[in-house]
Amino acid sequence: AGCGVLASRVHPAFWVGTVVAGGFWVFVLSFFRNPKRKIPEGPGVVVSPADGTITNIEEVEEPGFGKALRISIFLSVFNVHVNRSPMAGSVLRVRYFPGEFLDARSGDCSRRNEQLWLDMKSKEGGFAFRVKQIAGAIARRIVCRTAEGRNLAMGELYGMIKFGSTTELVVPTAEVE
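Reading the values: the criteria
- Residues numbered from 1 in each chain as written.
- Predicted model: local features only at pLDDT ≥ 70, side-chain atom pairs only at ≥ 80, totals over all residues.
- Heavy atoms only, no water.
- Salt bridge = Lys/Arg side-chain N within 4 Å of Asp/Glu carboxyl O.
- Helix = DSSP H or I, 4+ residues; strand = E, 2+ residues; numbered from the N terminus.
- Buried < 20%, exposed > 50% of the residue type's maximum accessible area, 1.4 Å probe, protein only.
- Polar contact = N/O pair within 3.5 Å; in protein donor to acceptor, adjacent residues only side chain to side chain.
- Contact = heavy atoms within 4.5 Å.
- Pairing = 2+ DSSP bridges.
- Patch = residues over 30% accessible without salt bridge, like charges linked within 9 Å, V, L, I, M, F, W, Y side chains within 5 Å.
- Areas by Shrake-Rupley, 256 points an atom, 1.4 Å probe, with all protein chains shown as cover.

K.L.:
Can you walk me through the pattern of salt bridges in this structure?
P.N.:
Opposite charge on two side chains permits them to pair, given that their charged atoms come into close proximity. Applying the stated criterion to the full structure yields 14 salt bridges. Put simply, D51 and R37 hold a salt bridge, and the shortest N to O gap is 1.9 Å. Remark: R37 occurs in the loop between α2 (15-31) and β1 (53-62) and D51 occurs in the loop between α2 and β1; sequence separation between them is 14 residues. Since its relative accessible area comes to 26%, D51 is described here as partly exposed. Take R37: its relative accessible area is 36%, and that puts it in the partly exposed class. Ionic pairing is found between E168 and K132, a salt bridge with its closest N-O pair at 3.8 Å. In this pair, E168 is assigned in strand β10 (residues 165-172) and K132 in strand β6 (residues 128-135), connecting sequence segments 36 residues apart. We note that E168, like K132, is buried. Residues participating in the shared-partner salt-bridge network are E58, E62, R70, R93, R95, D119, R130, K132 and E168.

K.L.:
Would you mind going over the side chain of S72 with me for this structure?
P.N.:
With respect to the helices and strands, the residue S72 is situated in strand β2 (residues 66-75). On the basis of relative accessible area, S72 is assigned to the buried category, the value being 5%. Here the side chain of S72 touches E168 through a polar contact of 3.0 Å, side chain to side chain. Those residues within four positions of S72 in sequence are excluded, and the remaining contacts are T53, I54, T55, N56, T166, T167 and E168.

K.L.:
Looking at this model, I keep getting lost on the sheet that holds strand β5 (residues 115-122). Mind explaining?
P.N.:
Picture the strands of a sheet paired through backbone hydrogen bonds; they go either parallel or antiparallel. Taken in spatial order, the seven strands line up as β1-β2-β10-β6-β5-β4-β8 in an open sheet, and their pairing is antiparallel. Each edge of the open sheet is held by one strand with a lone partner, namely β1 and β8 (151-152). Taken together, the nine bridges between β1 and β2 define a ladder with antiparallel strand orientation. Looking at β2, one finds that T53 is bridged to F74.

K.L.:
How do you make sense of a nonpolar patch on the surface when you look at a structure like this?
P.N.:
Where nonpolar side chains cluster on the molecular surface, the patch consists of L6, V10 and F14 and spans about 250 Å² of accessible area. Structurally, the position occupied by L6 is in helix α1 (residues 2-9). You can call L6 partly exposed: its relative accessible area is 35%.

Have a look at this one:
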């Protein structure tokens, strides 16, 4: 607004600042958007915990689960960064792990970057699953607005990762002892 006033009263070159500031403002508003989602219903339905690009699907040895299927979703600065519960269930544990801030597309980010784990028990079937919020090189702030003992509906918003990151869904492939 200040650049616009200066452009109209002092010199038209200040319009450049107005355009740059306006573009940045539009980008920030776009980044923090939270569009409404139509959550599908039915038995066995799982929704994505984040909007982004699936970069990896693999079977891994996951602490507390043993063999598990891990689905990694990369979120660029142009994606919606809110995180949603992939299934209805209760929050068993919320754990934070400090770490590095490697590029979120790096294979090591899942092990080395700052992250928050949300361990849950599904309402349908009663099995455990985990959603990980993993910070990236640009993303330096993980927000989680849920707590142990809370029930989340499928698709319910529980947090976000600010500016570029990875979200992972981990589901055990064998019965946990």
